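# Commentary on secondary and tertiary structure
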Amino acid sequence: MSDCLFCKIVAGEIPARVVAESDTALAFYDITPQAPVHVLVIPKRHFDSVNDVTESDRGVFDDLTALAREVATAEGVRDSGYRLVYNVGEEGGQTVAHLHVHVLGGRQMHWAPG
Ligand code: AMP
Ligand code: ZN
């Protein structure tokens, strides 16, 4: 996916503040943080969204969740609590078409979809 922003970050073609990494996933700070801790965790391999992950690839979610939990620990919010968010598609508010999970923490979260 040569024109994908997050693929370019994985390839090192666009800079990002990397927080953590595994064999299959990369974590970096969101450029427009919505909370004191706001990190994006993405698979190194391109998937458009949650909808694009097939049965045989579903281990990608384990990998993303595991790295997200590592990030939460490293950022000091593991015990205070944090939120993991997948936005999916247009009405889900997804703006970058490369699968990612938001790690949000460092303040009280409220259930306020919108
Ligand atoms: P979503 O709206 O769920 O697709 O989330 C995309 C996120 O990517 C947004 O929170 C943006 O602030 C973030 N973002 C966009 N471009 C960059 C970038 N170059 N580096 C880091 N985060 C970015
Ligand atoms: Zn991509």
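Residues numbered from 1 in each chain as written. Chains lettered and ligands numbered in written order. Predicted model: local features only at pLDDT ≥ 70, side-chain atom pairs only at ≥ 80, totals over all residues. Heavy atoms only, no water.

What follows concerns the packing of aromatic side chains. Overall, the coordinates contain two aromatic pairs when judged by the stated rule. Ring geometry for F6 and F28: centres 5.4 Å apart, planes at 80°, overall edge-to-face. Here F6 is found in helix α1 (residues 5-10), whereas its partner F28 is found in strand β2 (residues 25-29), with 22 residues between them in sequence. An identical accessibility class is assigned to F6 and F28; each is buried. Centroid distance F61 to Y86: 5.9 Å. Interplanar angle 85°. Geometry classified as edge-to-face. (Phe/Tyr/Trp six-rings, centres within 6.5 Å; stacked < 30°, edge-to-face > 60°. Helix = DSSP H or I, 4+ residues; strand = E, 2+ residues; numbered from the N terminus. Buried < 20%, exposed > 50% of the residue type's maximum accessible area, 1.4 Å probe, protein only.)

This next bit is on the sheet that holds strand β1 (residues 18-21). Pairing in this open sheet of five strands is antiparallel, and the strands run β1-β2-β3-β5-β4 from one edge to the other. Because the sheet does not close on itself, it has two edges, and the strands there are β1 and β4 (82-85). This sheet shows a mean twist of 20° between the axes of neighbouring strands, independent of strand direction. As judged from the five bridges shared by strand β3 (residues 37-43) and strand β5 (residues 101-105), these two strands associate in the antiparallel manner. Residue pairing across strands places H38 opposite L104, the latter belonging to β5. (Pairing = 2+ DSSP bridges. Axes fitted to C-alpha atoms, helices over the stretch in contact; angles between N-to-C directions.)

So, about helix α2 (residues 59-74). Spanning 16 residues, α2 covers 23 Å between terminal C-alpha atoms, matching the ideal 22 Å at 1.5 Å per step. In this structure, the buried side of α2 is in contact with β1, β2, β3, β4 and β5. G76 occupies a position one or two residues after α2 and carries a positive phi of about 80°. (Expected span 1.5 Å × (residues − 1). Contact = heavy atoms within 4.5 Å.)

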